[in-house]
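# Fold and contact review
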Amino acid sequence: MAYFLFIDESGQDRKASPYEVLAGVTVADRDLWNLIKDIQDSEQRNFGRRYSLGPSELKGKKLLDRKVFRKASQLPPIPERERTALARSCLDSGIAAGKHEITALAQAKLAYVNEVFEICARFKCKAFASIVKKAAPVPPSSENLRKDYAYLFERFFYFLEETDPSASGIVVFDELERSRSHILVGQMDSYFKRTIKGRQMSGQIIPEPFFVHSDLTTGIQIADLVAYAVSWGFRLKV
Amino acid sequence: MTEPARKELKGIVDRIRFMRHRTIRDVGDISGREIWSFHLISDLRAKEMQSE
């Protein structure tokens with residue numbers, strides 16, 4: 001038995017986003033394929049085709065941008081069947097689309113995101129997030145793992161330990177530049193070998209991560225949605 | 001967290017809030033501390049560097 005932790009980030013440029021967020025979503029290995037199939041079905045049902053075939057990616061920025069909400073509310077809710085046909089027409093026709101098609105596509109995007117999280121809840125997925133203030137001082141680059149990563153792994157470990165002490169945790173990252181990937185792999189290796197906490201956690205978390213293409217990997221797309229929504233909409237009362 | 005939140009995201013954020021993991025741990029001298037899977041970080045530096 002194993003749990004995947006899909007990880008993505010939002011606001012790392014520290015420009016427009018209110019907070020820098022490193023987010024993760026867990027899913028049990030036995031549930032992963034069924035989760036992927038249900039999300040693909042939702043994509044097909046809402047957009048009338050796979051939105052993510054071709055150059056378009058199902059990213060938080062594209063699905064949950066302010067403009068999407070504005071466009072979705074410029075007309076009353078469109079019945080699902082009609083909305084799907086119009087959304088598909090909008091995707092197929094691009095800039096030639098009219099107001100009805102644009103509204104339908106925006107409404108379809110919001111319906112899809114809501115369904116994604118309904119599906120996640122059904123499969124008992126858990127969400128994790130390190131939320132970093134924009135003004136947070138950053139340590140000079142070193143071989144030490146950054147605190148936001150260390151905290152995220154610690155919380156993942158707590159989850160694994162409580163859910164199934166014999167389960168392994170598999171960490172999956174969105175692909176980074178090759179040099180950044182090397183640095184991160186080195187930092188994780190060092191953290192999980194040389195710190196007491198890291199050594200304890202390596203009993204369950206496999207310290208060498210996988211790197212995947214976000215546009216091909218549903219789990220990373222969910223983590224991206226979480227990271228975006230947390231940065232722009234989640235606030236802790238502290 | 002003082003940055004304004006986008007209100008229109010509330011429905012989606014509420015779904016994500018429900019996906020958080022909560023545990024109770026003994027941390028140092030504090031027993032039974034509630035730890036959530038979402039946490040805020042004000043300084044990314046290690047403790048020994050923060051006074052510099």
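### Here we look at the overall build of chain B
For chain B, the helix and strand inventory stands at 1 helix and 3 strands. Seen in sequence order, chain B has helices and strands lined up from the N terminus as α-β-β-β. Split into buried and exposed, the 52 residues of chain B put 37% on the buried side. Total accessible area on chain B is roughly 3400 Å²; 49% of this is exposed by carbon and sulfur atoms.

### Concerning the interface of chain B and chain A
Every contact between the two is made by 33 residues of chain B and, on the other side, 47 residues of chain A. Summed over both partners, the interface of chain B with chain A buries about 4200 Å², with 65% contributed by carbon and sulfur atoms. A per-residue breakdown of the area chain B buries against chain A is headed by B:Met1, B:Met19 and B:Leu44, which together make up 21% of the total. Viewed at the interface, chain A and chain B are joined by 3 salt bridges. Between A:Glu118 and B:Arg15 there is a salt bridge, and its shortest N-O distance comes to 3.4 Å. The interface formed by chain B and chain A holds 25 residue pairs in polar contact (both at pLDDT 80 or more) in total. Ranked by residues supplied to the side of chain B that touches chain A, first place goes to helix H1 (residues 10-18) of chain B with 5 residues. Grouping the constituent residues of the side of chain B that touches chain A by class yields 16 nonpolar, 7 polar and 10 charged. Here strand S3 (residues 126-133) of chain A pairs with strand S3 (residues 38-41) of chain B via 4 bridges, running parallel. Its bridge partner lying in S3(B), A:Ile131 is registered against B:Leu40.

### Quick word on the packing of aromatic side chains
Counted by the stated rule, this structure contains 13 aromatic pairs over all chains. Taken together, a centroid distance of 5.7 Å and an interplanar angle of 20° make the contact between A:Phe4 and A:Phe6 stacked. Judged by relative accessible area, which is 5%, A:Phe6 ranks as buried. Ring geometry for A:Tyr228 against A:Trp232: centres 6.2 Å apart, planes inclined by 40°, an arrangement best described as tilted. Taken together, the positions of A:Tyr228 and A:Trp232, both in helix H9 (residues 218-233) and 4 residues apart, correspond to about one turn of that helix. This pair shows no difference in class: A:Tyr228 is buried, exactly as A:Trp232 is. Grouped by ring-pair contacts, the aromatic residues A:Tyr3, A:Phe128, A:Phe156 and A:Phe159 constitute a single cluster. Here A:Arg155 stacks its cationic end above the ring of A:Tyr151, 5.4 Å away from the centre of that ring. Looking at B:Arg20, its charged tip hangs above the ring of B:Trp36, at a distance of 4.2 Å from the centre.

So, how was this worked out
- Residues numbered from 1 in each chain as written.
- Chains lettered and ligands numbered in written order.
- Predicted model: local features only at pLDDT ≥ 70, side-chain atom pairs only at ≥ 80, totals over all residues.
- Heavy atoms only, no water.
- Helix = DSSP H or I, 4+ residues; strand = E, 2+ residues; numbered from the N terminus.
- Buried < 20%, exposed > 50% of the residue type's maximum accessible area, 1.4 Å probe, protein only.
- Areas by Shrake-Rupley, 256 points an atom, 1.4 Å probe, with all protein chains shown as cover.
- Contact = heavy atoms within 4.5 Å.
- Buried area = accessible area lost by both parts, 1.4 Å probe.
- Salt bridge = Lys/Arg side-chain N within 4 Å of Asp/Glu carboxyl O.
- Polar contact = N/O pair within 3.5 Å; in protein donor to acceptor, adjacent residues only side chain to side chain.
- Nonpolar A, V, L, I, M, F, W, Y, C, P; charged D, E, K, R; others polar.
- Pairing = 2+ DSSP bridges.
- Phe/Tyr/Trp six-rings, centres within 6.5 Å; stacked < 30°, edge-to-face > 60°.
- Lys NZ or Arg CZ within 6 Å of the ring centre and 35° of its normal.

By themselves, these observations are geometric and do not establish any function.
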